[in-house]
Amino acid sequence: MHKAACMLALLVALPALAQQNTNDVQMLKKYAGTWAVDCAKPGTRIGVDPKALTLSSGGKQVSSSAPPLSAFSYFGKMEPPAGFEVALLGEGRGSSLSFLAMKDAQGPYLTIDADGPLVKQFGQQALSGRFRHCK
């Protein structure tokens, strides 16, 4: 019985633990806007806003249901890939949105670290590539 009460208390506390902080808002503002592999052509679009992350492709769309967060330690103890700055994270219905903010010689870009449900919904090809900021 005690174990169940502890689990319930933890579940109630989790939303409070996952609230945006100043760093989250700062990173989300830095990467705010629409991103695409080729902004001049139709295709997959990533949307970043301090209030929500979105992914749309082929008439389908997923949005985060809670304000997104940023994670500088996304890779834990593993070495992050070259150019990694921060992960932008959001929870959607039945899937997670994980956009990795990277930088190369051409400037900033985002990649999608897709979970199984996201790949099933959109297909791997729609989720691949370097998404650049559309101006």
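The paragraphs below set out a description of the structure included in this document. Bear in mind the structure is a predicted one, so any value in this text is a computation, not a measurement. (Residues numbered from 1 in each chain as written. Predicted model: local features only at pLDDT ≥ 70, side-chain atom pairs only at ≥ 80, totals over all residues. Heavy atoms only, no water.)

1. Considering the sheet that holds strand E8 (residues 107–112)
Within a beta sheet, neighbouring strands are joined by backbone hydrogen bonds and run either parallel or antiparallel to one another.
Here is step 1: Spatial ordering of the open sheet is given by E5-E6-E7-E8, a layout of four strands whose pairing is antiparallel. Whereas interior strands pair on both sides, the edge strands pair on one side only; in this sheet they are strand E5 (69–71) and E8. Ignoring which end each strand starts from, the neighbouring axes of this sheet average 25° apart.
Here is step 2: Judged from the three bridges that link them, E5 and strand E6 (residues 84–92) form a sheet pairing that is antiparallel. Looking at the pairing, Ser70 lines up with Leu88 of E6.
Here is step 3: Against the sheet, helix H2 (residues 22–30) contacts E5 and E6, and its axis sits at roughly 100° relative to E6. (Pairing = 2+ DSSP bridges. Helix = DSSP H or I, 4+ residues; strand = E, 2+ residues; numbered from the N terminus. Axes fitted to C-alpha atoms, helices over the stretch in contact; angles between N-to-C directions. Contact = heavy atoms within 4.5 Å.)

2. Focus on the state of the cysteines
Here is step 1: Evaluation of the coordinates by the stated rule reveals one disulfide.
Here is step 2: Put simply, Cys39 and Cys134 are joined by a disulfide, and their sulfur atoms are 1.9 Å apart. Taking the torsion about the sulfur-sulfur bond, which here is approximately -85°, the covalent link between Cys39 and Cys134 counts as left-handed. Of this pair, Cys39 sits in the loop between strand E1 (33–36) and strand E2 (45–49) while Cys134 sits in the segment after strand E9 (132–133), and the two are 95 residues apart along the sequence.
Here is step 3: Relative accessible area serves as the criterion here: at 33%, Cys39 is assigned to the partly exposed category. (Disulfide = S-S within 2.5 Å. Buried < 20%, exposed > 50% of the residue type's maximum accessible area, 1.4 Å probe, protein only.)

3. Here we look at the nonpolar core
Generally speaking, soluble globular proteins have nonpolar side chains that are buried together.
Here is step 1: Tyr31, Ile46, Val48, Leu55, Leu88, Phe99 and Leu110 are the most contacted members of the largest nonpolar core, which totals 21 residues.
Here is step 2: When contributions to this core are tallied by element, the ones reaching two or more residues are H2, E2, strand E3 (52–57), E6, strand E7 (95–104), E8 and helix H3 (116–122).
Here is step 3: For this core, the leading source of residues is E7, giving three residues.
Here is step 4: Not counting the four nearest positions on each side in its chain, Val48 is found in contact with Leu28, Tyr31, Ala32, Gly33, Trp35, Leu53, Leu88, Phe99 and Leu110.
Here is step 5: With six residues, the next largest nonpolar core counts Phe84, Ala87, Met102 and Tyr109 among its residues. (Core = buried A, V, L, I, M, F, W, Y, C linked by side-chain atoms within 4.5 Å.)

4. Things to note about H2
Here is step 1: Three or more residues of H2 are buried, namely Asp24, Met27 and Leu28. Looking straight down H2, one finds that the buried residues subtend no more than 100° of arc, so they occupy a single side. In H2, those exposed residues whose orientation departs by more than 90 degrees from the buried face are Thr22 and Lys29.
Here is step 2: Regarding H2, its N-cap is Asn21, as a side-chain oxygen of that residue lies 2.8 Å from the backbone nitrogen of Asn23 further along. (Arc of directions from axis to C-beta. Polar contact = N/O pair within 3.5 Å; in protein donor to acceptor, adjacent residues only side chain to side chain.)

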